[in-house]
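# Reading the structure
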Amino acid sequence: MTDDQTRAPDSTAMRTALWRALHVQVDPPPHVLHDEVGLQLAAPDDGWRRRPDMDPQATSAFRAATVARSRFIEDLIVEQVDRGVTQYVILGAGLDTFAQRRPEVASRLQVFEVDQPSPQAWKRHRLVELGYGIPDWLHLVPVDFEASEDWLKQLAAAGFDAGRPAVIVSTGVTMYLTENATAATLRQIAALAPGSTLAMTFLLPTELLDEADRPALRATKESAQASGTPFISFYTPPEMLALARGAGFRDARHLSGASFAHRYFADRTDGLRPSSGEDILLATT
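Report on the accompanying structure. (Residues numbered from 1 in each chain as written. Predicted model: local features only at pLDDT ≥ 70, side-chain atom pairs only at ≥ 80, totals over all residues. Heavy atoms only, no water.)

Before going further, it helps to spend a moment on the packing of aromatic side chains. In the structure shown here, the tally under the stated rule is 7 aromatic pairs. Each ring, one from W19 and one from F62, has its centre 6.3 Å from the other, and the planes form 20°; the classification is stacked. Taken as a pair, W19 in helix α1 (residues 11-26) and F62 in helix α3 (residues 60-82) lie far apart in primary sequence, 43 residues in all. Accessibility expressed as a relative area gives 12% for W19, which makes it buried. Ring geometry for Y176 versus F231: centroids 5.5 Å apart, planes at 70°, classification edge-to-face. With Y176 in the loop between β4 (167-170) and α8 (179-190) and F231 in the loop between α9 (214-226) and α10 (237-247), this residue pair connects regions lying 55 residues apart in the sequence. Given the relative accessible area of 25%, Y176 is considered partly exposed. Judged by its relative accessible area of 15%, F231 is buried. An aromatic cluster of at least three residues, connected via ring pairs, comprises F72, F260 and Y264. (Phe/Tyr/Trp six-rings, centres within 6.5 Å; stacked < 30°, edge-to-face > 60°. Helix = DSSP H or I, 4+ residues; strand = E, 2+ residues; numbered from the N terminus. Buried < 20%, exposed > 50% of the residue type's maximum accessible area, 1.4 Å probe, protein only.)

Tracing the backbone shows H139 in strand β3 (residues 138-142). Judged by its relative accessible area of 17%, H139 is buried. Among residues more than four places away in sequence, those in contact with H139 are Q110, V111, F112, E113 and A158. (Contact = heavy atoms within 4.5 Å.)

Enumeration over the complete set of coordinates arrives at 16 salt bridges. The partner of D35 in a salt bridge is R101, and the shortest N-O contact between them spans 3.6 Å. Of the two residues, D35 sits in the loop between α1 and α2 (37-42) while R101 sits in helix α4 (residues 98-101), which places them 66 residues apart along the sequence. For the pair formed by D35 and R101, the shared burial category is buried. Ionic contacts of the salt-bridge type, sharing partners, join the residues R20, D35, E74, R101, R102 and E104 into one network. (Salt bridge = Lys/Arg side-chain N within 4 Å of Asp/Glu carboxyl O.)

Next up on the list: the nonpolar core. Among the nonpolar cores identified, the biggest contains 47 residues, and F72, I77, Y88, V111 and F265 are the most heavily contacted of them. The residues contacting F72, other than those within four sequence positions of it, are L255, F260, R263, Y264, I280 and L282. Grouped together as the second largest cluster of nonpolar side chains are 32 residues, V114, I168, I189 and M200 included. (Core = buried A, V, L, I, M, F, W, Y, C linked by side-chain atoms within 4.5 Å.)

Moving on to α1. In this model, α1 (16 residues) spans 21 Å end to end at C-alpha, consistent with the 22 Å of a helix rising 1.5 Å per residue. For α1, a buried count of 12 out of 16 residues is recorded, marking the element as mostly surrounded by other parts of the structure. Elements in contact with the buried residues of α1: α2, α3 and α6 (117-129). (Expected span 1.5 Å × (residues − 1).)

Quick look at the layout of surface pockets now. Roughly 160 Å³ of volume is contained in the second largest pocket. For the lining of the second largest pocket, the elements supplying multiple residues, two or more each, are α3, β6 (251-255), α11 (259-264) and β7 (278-284). When residues of the lining of the second largest pocket are assigned to their parent elements, the largest contribution, 5 residues, is made by α3. Looking at side-chain class alone, the lining of the second largest pocket contains 5 nonpolar, 3 polar and 5 charged residues. (1 Å grid on protein atoms, 1.4 Å probe; cavity = no way out; pocket = protein on both sides within 12 Å on 5 of 7 lines; lining within 4 Å. Points joined across faces, edges and corners; volume = space filled by probe spheres on them. Nonpolar A, V, L, I, M, F, W, Y, C, P; charged D, E, K, R; others polar.)

The subject of this paragraph is the environment of A43. Mapped onto the elements, A43 comes out in the loop between α2 and α3. Sequence-wise, A43 and R187 are 144 residues apart; in three dimensions their C-alpha atoms are separated by 38 Å.

Structurally, the position occupied by R268 is in the loop between α11 and β7. Taking relative accessible area as the criterion, R268 reaches 10% and is therefore assigned buried. In this structure, the C-alpha to C-alpha distance between R268 and P30, residues 238 residues apart in sequence, is 8.2 Å. Setting aside its immediate chain neighbours within four residues, R268 contacts D27, P28, P30 and R273. A polar contact of 2.9 Å, which involves the side chain of R268, links it to the side chain of D270. (Polar contact = N/O pair within 3.5 Å; in protein donor to acceptor, adjacent residues only side chain to side chain.)

Moving on to the sheet that holds β4. Pairing is mixed in the open sheet, where 7 strands are placed in the order β3-β2-β1-β4-β5-β7-β6. Every other strand in the sheet has two partners, leaving β3 and β6 as the edge strands with one partner each. Taken over all neighbouring pairs, the strand axes of this sheet differ in orientation by 15° on average, direction set aside. Bridge analysis of strand β1 (residues 87-91) against strand β2 (residues 110-115) gives 5 bridges, and the strand direction is parallel. Following the sheet pairing, L91 is matched in β2 by V114. Sitting on the sheet, α3 is in contact with β1, β4, β5 (197-203), β6 and β7, with an inclination near 170° to β5. (Pairing = 2+ DSSP bridges. Axes fitted to C-alpha atoms, helices over the stretch in contact; angles between N-to-C directions.)

Here it is, written out as structure tokens:
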């Protein structure tokens, strides 16, 4: 397989994985999430913690937001498994490590990680190389979104049963898609079996962010533009709820990123709190 066929995930996916590891390494316990597997996968050079985007102080709010989002998703999965749901779909999986870190939960599910073919092949190679392997309940599903491949057809080919409830998660994706593309994805998910749950993140317009978080969002937008992956879509909570209801979801709720400060950081004495700017749509069929 050529290097081009196993191209590593983009810088955003790598940064997210490193922030999760940094939380364990520089923030005092209790840790919101324990994840150094992503660091193993990414295998950055020895000086990775000296990078400007890894500065423990300057990036603390974004690091906190990243681990809070991941922890919320994991809590949701555990809750759904206890309700009897047996399928978990991760759209734009990147360096997600749930299957490696929580096998006692993940092995009770059929886990489908959906991503572009090249980073998917890279991840498969790294999992085998590191000794994690690919258990029979973990399905790495390559989908060429750029060629408009139907991800649901690819999922079905990998063993997904559209007639049974599932949890579908999409984090850090909607900002790269047009509103029409997101609406189309919402319609596909809303048509899945009754009892299915979607958790999808979305970025807020700059004016809805806390004043202190606005410069960092602008810098992140500029960085994304420069790397060829511009942010093109931002939503107010009512706009996202309207999209979900229009797509046919039975129930749609908005969870603010700020609410995670109370949920996961309330008793901390080190001042670690998540940034504002990324909220979650929680919807059920």
